[in-house]
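# Summary of structural features
Okay, here's what each chain looks like letter by letter:
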Amino acid sequence: MTAASPILDIQDLRKSYGANEILKGIDLAVHAQETVFIIGPSGSGKSTLLRCCNRLETPDAGTVTVDGVDLGDPRTDINAMRRRIGMVFQSFNLYPHMKAMDNITLALRRVSKKSRADAEVLALAALERVGLAEKRNAYPAELSGGQQQRIAIARALALEPKVMLFDEPTSALDPELVGSVLAVMSDMARAGMTMVVVSHEMRFARDAADRVVFMDHGVIVEQGSPGEIFGQSQHARTRAFVSQLER
Amino acid sequence: MERFVDTFFNASVIASTWPKILSGMLITVELALSVVVTGLAFGLFLALIRTAQIRLLNAAIVVFVDVLRALPPLVMVLIIYFGLPNVGLTLPSFAVLWLVLAAVLAAFAEEIFWAGILSVRRGQWDAARSTGLTFPDTLAFVVLPQTIRMVLPPLVNRTIAITKNTALGTVIGVPELLNQATTAVSFLSNATPLMLAAIGYLIIFVPVVLFGSWLEQRFAFRKA
Ligand SMILES: Nc1ncnc2c1ncn2[C@@H]1O[C@H](COP(=O)(O)OP(=O)(O)OP(=O)(O)O)[C@@H](O)[C@H]1O
Ligand SMILES: [Mg+2]
């Protein structure tokens, strides 16, 4: 594999629900250490696209390749791959019956086959990266939304992913809690994590994004630097959407 | 008053029947434990099979569950106890009662477990699968622990209600608590054995009820 080959390579991806075609042939390549933002109206297929990237949804056609491995190949061990594809959800989805620490160690122990002691060392390191080591014995219900989302990020980070997928990670948060999550994401981007972020936090995208992708009705309308997309886009659809965000 | 005491708490009747009542209690406890353990285990097993979403199997489970929930247990007990010998299969009365009650409990428990599994939010599955957990691991470590916390109250209530049907042993001659009492009543023409049986049931089931409430509190669900 050459240094230039993408970490995440999506080619002609198609997905329908019944007669409803949600993704109509998506091509997108994300290279190592890149941070790519995906924006677009509700229902344009952003979540579906992310969920196809770790096979939470099975595409109808096209390929998704992660770190050179075709996820659709029947010989691919999808669970081994998934642990290298971190995912962060809008609604955090922490396991409510487990302490923060156990939320993180579960996959380390069951998927990465670490001993409890080794898993806890890795989990603690991940908790430190999101600034919540002191909350390791807290249950999700005892944490703020922002803290829960940072624990969820730590849960994915601890598995040492090659790429992280974020699906509107801050849109369920009270405005005053958004910053703490974005700060963690900035740190990750700076540390060289490859990230695909569905988010409409435009100020954050301007700072953190290497590239912004605008999706509408299941296709990528255009992509470019934050300046290009948010500034002087050539596409009327993009301009209309961006002006809505600014309001 | 004296007549009342004489009828319901007759000392000489107590003295002569308590060993029988006690042995009936033991049989009732044995039956109850067998029913609870096998019924809940089989109910959970059926709910787990249902998660595999195999159409034909699911349909079979739904039919089994609906039939067993609809039929009065007494009807099933009678049919099996008096019917099966005609096709050359004779089961001891204890086994008949155990089978019927365990199957009924399994049917109700399957419905309760299944509803509980369905009520775990999809995001929990997504999160677990996205970290690479297998389907069985996701069930075992993420979904079932939440399911069990949620279903504990209805499950405990249903289990107690069905287990009390061990008293149906009376009609087919299982020497359980109520049977021992009614037999003694017909010999002695005195209601004291029934009162002893009532006390026996309280001794058996009040701790179960208390244990159930304790369990529910212990595992009170922490909402995220
Ligand atoms: N499991 C499903 N079954 C049927 N339709 C679905 C399913 N999941 C998504 N859809 C439909 O697919 C379309 C795209 O959904 P998707 O969640 O990918 O959009 P989105 O861009 O993430 O929107 P939002 O900004 O609201 O999150 C929507 O119209 C949605 O109703
Ligand atoms: Mg979405």
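With that settled, consider the overall build of chain B. When its secondary structure is counted, chain B shows ten helices and zero strands. The order of α-helices and β-strands along chain B, N terminus first, is α-α-α-α-α-α-α-α-α-α. Along the first, second and third principal axes, the C-alpha set of chain B runs to 70 × 45 × 25 Å. Buried positions account for 43% of the 224 residues belonging to chain B.

Residues and elements named next belong to chain B. If you trace the backbone, Leu84 turns up in the loop between α4 (73–83) and α5 (93–119). We classify Leu84 as partly exposed; its relative accessible area is 26%. As for Leu84 and Ala32, which are separated by 52 residues in sequence, their C-alpha atoms are 23 Å apart.

The next point concerns the side chain of Glu110(B). With respect to the helices, strands and loops of the structure, Glu110(B) is situated in helix α5. At 3.0 Å, the side chain of Glu110(B) forms a polar contact with the side chain of Arg50(B).

This brings us to the packing of aromatic side chains. All names here are of chain B. In the structure shown here, the tally under the stated rule is nine aromatic pairs over all chains. Ring geometry for Phe4 versus Phe8: centroids 5.0 Å apart, planes at 45°, classification tilted. Here the residue Phe4 and the residue Phe8 both occupy positions in helix α1 (residues 2–8), the gap between them amounting to four residues, near one helical turn. Residue class for Phe4 comes out partly exposed when judged on its relative accessible area of 43%. An angle of 85° between the planes, with centres 6.2 Å apart, marks the rings of Phe42 and Phe64 as edge-to-face.

Let's shift gears to the confidence of the model for chain B. For chain B, mean pLDDT is 92; residues scoring 70 or higher make up 98% of the total. The ipTM, which scores confidence in the relative placement of chains, is 0.94 for this predicted complex, and the corresponding pTM is 0.90.

Further remarks concern the site of ligand 1. Residue and element names in this part refer to chain A. Near ligand 1 the following residues occur: Tyr17, Ile22, Pro41, Ser42, Gly43, Ser44, Gly45, Lys46, Ser47, Thr48 and Glu168. Contacts to ligand 1 include Gly45, whose backbone N or O atom sits 3.0 Å from an oxygen atom. A total of 640 Å² of accessible area belongs to ligand 1 in isolation, and the protein chains cover 60% of it. Looking at which element gives the most residues to the shell around ligand 1, the answer is helix α1 (residues 46–52), with three residues.

We now examine the interface of chain A and chain B. At the junction of the two partners, chain A supplies 26 residues and chain B supplies 22 residues. Carbon and sulfur atoms make up 58% of the area that chain A and chain B hide from each other, which totals about 2100 Å². For the pair chain A and chain B, the number of links is three salt bridges. Linking chain A with chain B are six residue pairs in polar contact (both at pLDDT 80 or more), by the criterion used here. Where the side of chain A that touches chain B is concerned, the elements lending two or more residues are α2 (78–82), β6 (85–88), α3 (100–110) and α5 (145–157) of chain A. Examining the composition of the side of chain A that touches chain B, we find that three residues originate from one element, α3(A), more than from any other. Classifying every residue of the side of chain A that touches chain B gives 14 nonpolar, five polar and seven charged.

The next point concerns the nonpolar core. Residues and elements named next belong to chain A. Counting 100 residues, the largest nonpolar core has Ile153, Phe166, Met185 and Met188 as the members making the most contacts within it. Per-element accounting of this core gives the leading share, seven residues, to helix α6 (residues 175–190). Residue contacts for Met185: discarding those within four places in its chain leaves Ile153, Phe166, Pro169, Met195, Val197 and Phe204.

The subject of this paragraph is the layout of surface pockets. Leftover empty space is mapped by rolling, across the atoms, a probe with the size of a water molecule. Looking at the largest pocket, its volume works out to about 370 Å³. Counted by class, the lining of the largest pocket contains 14 nonpolar, three polar and no charged residues.

What follows is about the side chain of Arg129(B). Here Arg129(B) shows up in helix α6 (residues 122–130). Of the side chains with opposite charge, Asp126(B) comes closest to the buried, unpaired Arg129(B), at an N-O distance of 8.5 Å.

Below, the discussion takes up unusual backbone geometry. Residue and element names in this part refer to chain A. A positive phi is found at Lys113, a non-glycine position, where the angle reads about 60°. Along the chain, the position of Lys113 falls in the loop between α3 and α4 (116–129). Relative accessible area serves as the criterion here: at 62%, Lys113 is assigned to the exposed category.

Rules used throughout
Residues numbered from 1 in each chain as written. Chains lettered and ligands numbered in written order. Predicted model: local features only at pLDDT ≥ 70, side-chain atom pairs only at ≥ 80, totals over all residues. Heavy atoms only, no water. Helix = DSSP H or I, 4+ residues; strand = E, 2+ residues; numbered from the N terminus. Buried < 20%, exposed > 50% of the residue type's maximum accessible area, 1.4 Å probe, protein only. Polar contact = N/O pair within 3.5 Å; in protein donor to acceptor, adjacent residues only side chain to side chain. Phe/Tyr/Trp six-rings, centres within 6.5 Å; stacked < 30°, edge-to-face > 60°. pLDDT = per-residue confidence, 0-100. Near = heavy atom within 4 Å. Areas by Shrake-Rupley, 256 points an atom, 1.4 Å probe, with all protein chains shown as cover. Contact = heavy atoms within 4.5 Å. Buried area = accessible area lost by both parts, 1.4 Å probe. Salt bridge = Lys/Arg side-chain N within 4 Å of Asp/Glu carboxyl O. Nonpolar A, V, L, I, M, F, W, Y, C, P; charged D, E, K, R; others polar. Core = buried A, V, L, I, M, F, W, Y, C linked by side-chain atoms within 4.5 Å. 1 Å grid on protein atoms, 1.4 Å probe; cavity = no way out; pocket = protein on both sides within 12 Å on 5 of 7 lines; lining within 4 Å. Points joined across faces, edges and corners; volume = space filled by probe spheres on them. Lys, Arg positive; Asp, Glu negative; His and termini not counted.

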